[in-house]
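In case you want the letters, here they are:
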Amino acid sequence: MKEEKVVLIIATLDTKGEETLYLRDRIRALGCRALVLDISMRDGPHCREADIPAREVAAAGGSSIEEVQASKERSATTAVMTRGAIAIAKGLSAEGRVHGVIGIGGSTGSLMATDVMRALPFGLPKLMVSSTAALPGMSTRYIGTGDICLFHSVVEISGLGGVLKNVMERAAEAICAMVDVPPLEAMKGRSRGPSIAMTMLGPCERCASRVRRGLEGLGLQVTGFSAAGVGDRAMEEMVRQGIFDGVVDLAPGGVIEHLVGGMRDAGPRRLEAAGEMGIPQVVSTCGVNHITPPKKAWTEDHKSRRKYDLDRHRTWLRASREELLEAARALATKLNKAKGPVKVLIPLQGWSSVDQPGSPTFDPTEDMVFVEELKRGLRPEIEVRTVEANMEDPEFAQAVLEACREVFPIPD
């Protein structure tokens, strides 16, 4: 018999009660079970309809509904309810009792519901129906590194006129269709081989493509992540979920960007997940000798730097000697903590397509400042291989593949 799929609905029933219940009923009519999780901070006539009432949510958040309702500190109460909702949703997900999540709301409701969604595993369907999805800057806050589908309702989620009913009906159809897709764990069980995560970026795209094709030829699955700050941060989170069996980190530039506040900043935990999980990693240096501070924050020093314009929106500045030394120490500290095998490969004739003879930022002599400091800082058993090539040359991709063969689980 086909398993009944369960959809968790996250909403504030004090303000979106009748709309939430209409969505619930539409999901049930489509053959899925619906659980309503109420993140209300006030009481309302529809709150008693919740399957998981706000009282339970507040308690899971370390408070009580009485304290939440009495408080005039909105930021504090939203934090309590969000914390409680995350704890409950993560528990339901871990027990396999939820197959998808949908939220409805305006600004506050969308922020709270998507905070919950981002705490749930990659691959669990997540749909946010928001009337504020198009507000400047809000969509990036809602989605972050989560695999969240954002549905802009356009109209306010208030009342049950024909237009909003149509929005809710489409949302119900969407989440019910999403939960009918086999979960990621099942897909991995049917996969063609061990799964490898790989960072990639435009300036090392040819190298990444050659490496991907080579690994696939060895029977491995490769999932690419754009190392522009968000994608590589998401990769770290997915590695911690146990989704991958190895990492090819061609573009760890998010490490130096975090140190200097660049646009590709991937956070303080970049380049740490594979080591924590004990899975093998092959690491290179695309983007590590360039920084991208926001142009509005450029100092006189930045303005005087050698630079390369990728396009009319993006400019890469040459990292200074001091920044290269600091980056080398940071990479060494992170890689030294690795519980699994690590190999580092460095192309001596430029670390990207941006970094070739004729480019204003090409400086292989200064790059050696980084290389020597990295070697000094790494544990002796972590091998650093140098290759007399540019990262985009076929010879370098071949060297990366050779290192991968040595440490990755290759199918027979």
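Residues numbered from 1 in each chain as written. Predicted model: local features only at pLDDT ≥ 70, side-chain atom pairs only at ≥ 80, totals over all residues. Heavy atoms only, no water.

Visitor: Teacher, can you tell me more about the overall build of the chain here?
Guide: Of regular secondary structure, the chain possesses 16 helices and 14 strands. C-alpha atoms of the chain, sized along the principal axes, occupy 70 × 55 × 40 Å. Counted over contacts in the chain with a minimum sequence separation of 6, partners at least 24 positions apart contribute 75%. Accessible area of the chain: about 18000 Å², with a carbon and sulfur share of 51%. (Helix = DSSP H or I, 4+ residues; strand = E, 2+ residues; numbered from the N terminus. Contact = heavy atoms within 4.5 Å. Areas by Shrake-Rupley, 256 points an atom, 1.4 Å probe, with all protein chains shown as cover.)

Visitor: When you look at the sheet that holds strand 10 (residues 290-291) in this model, what are you seeing that I'm missing?
Guide: In any sheet, the strands associate via hydrogen bonds between backbone groups, in a parallel or an antiparallel arrangement. Strand order in the open sheet formed by three strands is 10-12-11, and the pairing between neighbours is antiparallel. Looking along the sheet, the strands with just one partner apiece sit at the ends: strand 10 and strand 11 (307-309). As paired elements, strand 10 and strand 12 (residues 315-318) share two bridges and run antiparallel to each other. From the neighbouring strand, His290 faces strand 12, where its bridge partner is Arg318. (Pairing = 2+ DSSP bridges.)

Visitor: Could you clarify how one ought to interpret unusual backbone geometry in this entry?
Guide: Residues apart from glycine generally show negative phi values, whereas peptide bonds are mostly found in trans. Non-glycine residue Val154 carries a positive phi angle of around 70°. Positioned with a positive phi, Leu271 is a non-glycine residue whose angle comes to about 70°. In this fold, Leu271 is placed in the loop between helix 11 (254-260) and helix 12 (273-277). Looking at Leu271, the relative accessible area reads 2%, which means it is buried. (Buried < 20%, exposed > 50% of the residue type's maximum accessible area, 1.4 Å probe, protein only.)

Visitor: Explanation requested: the pattern of salt bridges in the structure shown.
Guide: According to the stated counting rule, one finds 31 salt bridges in the structure shown. Arg318 is paired through a salt bridge with Asp367; the nearest N and O atoms lie 2.6 Å apart. A residue pair is termed long-range when its members are at least 10 positions apart, and Arg318 in strand 12 and Asp367 in helix 15 (residues 364-377) qualify at 49 residues. Three or more residues are tied together by salt bridges with common partners; here these are Arg306, Arg318, Asp363, Glu366 and Asp367. (Salt bridge = Lys/Arg side-chain N within 4 Å of Asp/Glu carboxyl O.)

Visitor: How do you make sense of the nonpolar core when you look at a structure like this?
Guide: Taken as a class, soluble globular proteins show a tendency for nonpolar side chains to be buried jointly. Ranked by size, the top nonpolar core spans 31 residues in total, and within it Val211, Leu215, Val248, Val400 and Phe408 carry the most contacts. For this core, the element with the highest residue contribution is helix 16 (residues 394-407), accounting for eight residues. Residues contacting Val248, with those up to four places away along its chain left out, are Ile196, Ala197, Met198, Thr199, Val211, Leu215, Val282, Val400, Cys404 and Phe408. Judged by nonpolar contacts, the second largest core, of 29 residues, contains Val6, Leu8, Met41 and Ile65. (Core = buried A, V, L, I, M, F, W, Y, C linked by side-chain atoms within 4.5 Å.)

Visitor: When you look at the pairing of strand 12 in this model, what are you seeing that I'm missing?
Guide: Here strand 12 shows a buried face lined by Thr315 and Leu317 and a second buried face lined by Trp316 and Arg318. Strand direction decides the pairing type here: strand 11 and strand 12, joined by three bridges, are antiparallel. For Asp309, the partnering residue across the bridge sits in strand 12 and is Thr315. From the end of strand 11 to the start of strand 12, which pair antiparallel, there are five residues.

Visitor: Looking at this structure, how should I read the packing of helix 9 (residues 205-217) against helix 16?
Guide: Helix-helix packing is described using two parameters, namely the angle between the two axes and the distance between the axes. At a minimum axis separation of 9 Å, helix 9 and helix 16 run at an interaxial angle of 40°. For the element pair helix 9 / helix 16, the angle class is oblique. You can see that helix 9 and helix 16 cross each other, and the crossing is right-handed. Here Cys207, Arg210, Val211, Gly214 and Leu215 of helix 9 come into contact with helix 16, specifically with Pro394, Phe396, Ala397, Val400, Leu401 and Cys404. Its residues assigned to classes, the contact of helix 9 with helix 16 shows nine nonpolar, one polar and one charged. (Axes fitted to C-alpha atoms, helices over the stretch in contact; angles between N-to-C directions. Parallel < 35°, antiparallel > 145°, perpendicular 65-115°, else oblique. Left-handed = near helix turned anticlockwise from the far one by under 90°. Nonpolar A, V, L, I, M, F, W, Y, C, P; charged D, E, K, R; others polar.)

Visitor: Could you clarify how one ought to interpret the packing of aromatic side chains in this entry?
Guide: Given two aromatic rings, one states the distance between the centres and the angle between the planes to describe the pair. A complete count under the given rule lists two aromatic pairs for this structure. Ring geometry for Phe225 and Phe244: centres 5.9 Å apart, planes at 85°, overall edge-to-face. Within this pair, whereas Phe225 is found in strand 7 (residues 221-226), its partner Phe244 is found in the loop between helix 10 (231-240) and strand 8 (246-249), the two being separated by 19 residues in sequence. Residue class for Phe225 comes out buried when judged on its relative accessible area of 8%. Residue class for Phe244 comes out buried when judged on its relative accessible area of 4%. Relative to Phe370, the ring of Trp351 lies with its centre 5.3 Å away and its plane at 65°, an arrangement referred to as edge-to-face. In this pair, Trp351 is assigned in the loop between strand 13 (342-347) and helix 15 and Phe370 in helix 15, connecting sequence segments 19 residues apart. You can call Trp351 buried: its relative accessible area is 1%. (Phe/Tyr/Trp six-rings, centres within 6.5 Å; stacked < 30°, edge-to-face > 60°.)

Visitor: I keep staring at the environment of Leu23 and nothing clicks. Help me out?
Guide: By secondary structure assignment, the location of Leu23 is in helix 1 (residues 13-29). Distance from Leu23 to Ala171, taken between C-alpha atoms, is 8.1 Å for residues 148 residues apart in sequence. The residues contacting Leu23, other than those within four sequence positions of it, are Ile9, Ile102, Ile104, Met168, Ala171 and Ala172.

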